[in-house]
Amino acid sequence: NISGLSRELGPTDGSVTLTISGSNFGSGGHAEVGGVPCPTDGRPASWQDFQIMCRLPQGQGTNHDVLVRVNSQNGSYSSFSYNAPSISSIYPLVSDTIGGILLTIRGSDFGLTGNVTVDGRDCPIDVHSHGVIHCYIPPGEGTGVTIAINISNQTATSFFTYNDPSITSLYPNSGPTLGGTNLTV
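In what follows, the accompanying structure is described. (Residues numbered from 1 in each chain as written. Predicted model: local features only at pLDDT ≥ 70, side-chain atom pairs only at ≥ 80, totals over all residues. Heavy atoms only, no water.)

**Re the pattern of salt bridges**
In this structure the tally under the stated criterion is two salt bridges. When the shortest N-O distance is used, the salt bridge between Asp 119 and Arg 121 registers 3.9 Å. Overall, Asp 119 belongs to the partly exposed group, its relative accessible area being 37%. What makes Arg 121 partly exposed here is its relative accessible area of 29%. Residues joined in a network through salt bridges with shared partners are Asp 119, Arg 121 and Glu 141. (Salt bridge = Lys/Arg side-chain N within 4 Å of Asp/Glu carboxyl O. Buried < 20%, exposed > 50% of the residue type's maximum accessible area, 1.4 Å probe, protein only.)

Listed below in structure tokens is the structure:
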């Protein structure tokens, strides 16, 4: 019987101990979060009749069941969620409209998988870890466009700007005042 958890929110990299409180846990069994084993071996993990300390597995998303299985009996608690992603920086902040430049997004709780969009367009991911995502900026235009990371329906946003158009040459550089001259830009 599970009566509570030491935390109901945790990092996607699983770098913390989860304590499961309750009764009739016996002297050993199996614990899991969202269907993934929550290891009870090593330190500070432990298994007691009233308390289990396990290493939170890596994961993502919300409303995961925590399950304790002793022999063939199960107890569950369904309110564990992983932290939502958070963006601390992006580089570069500005890029050419043609796209194709590698965008580095730093932050935390990026989970195991997800997607990134820039102004609603897919930013194909090259590298994905809990703290860094590299993706290729899609073609686009505008200032203050939204970069969105979606990890199991949890979203973090930041902003990005495409370079303004620039004219590097104009031919001819003069013409009649009546117009009618074709220009090459």
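**Examining the sheet that holds strand 12 (residues 102-108)**
Pairing between sheet strands relies on hydrogen bonds along the backbone, with the strands arranged either parallel or antiparallel. With antiparallel pairing, the four strands of this open sheet are ordered in space as 10-12-16-15. Of all strands in the sheet, those with a lone pairing partner are strand 10 (86-91) and strand 15 (125-128), marking the two edges. Across the sheet, the axes of successive neighbouring strands diverge by a mean angle of 20 degrees, strand direction being ignored. The pairing of strand 15 with strand 16 (residues 132-136) spans three bridges and is classified as antiparallel. Of the residues in strand 16, the one forming a bridge with Ile 125 is Cys 135. (Pairing = 2+ DSSP bridges. Helix = DSSP H or I, 4+ residues; strand = E, 2+ residues; numbered from the N terminus. Axes fitted to C-alpha atoms, helices over the stretch in contact; angles between N-to-C directions.)

**Section: the environment of Thr 113**
Here Thr 113 shows up in the loop between strand 12 and strand 13 (115-118). For the pair Thr 113 and Ser 152, spaced 39 residues apart in sequence, the C-alpha separation works out to 8.2 Å. Setting aside chain neighbours within four positions, we find Thr 113 in contact with Gln 60, His 128 and Ile 151. (Contact = heavy atoms within 4.5 Å.)

**Topic: the packing of aromatic side chains**
With the rule as written, the count across this model stands at two aromatic pairs. Measuring from centroid to centroid gives 5.2 Å for Phe 80 and Tyr 82, while their planes differ by 85 degrees, and the two rings are edge-to-face. For the pair Phe 80 and Tyr 82, one class covers both residues: buried. For the ring pair Phe 160 and Tyr 162, a centre distance of 5.1 Å and an interplane angle of 90 degrees mean the geometry is edge-to-face. Classification of Phe 160 as buried rests on a relative accessible area of 1%. Here Tyr 162 falls in the buried class, since its relative accessible area comes to 1%. (Phe/Tyr/Trp six-rings, centres within 6.5 Å; stacked < 30°, edge-to-face > 60°.)

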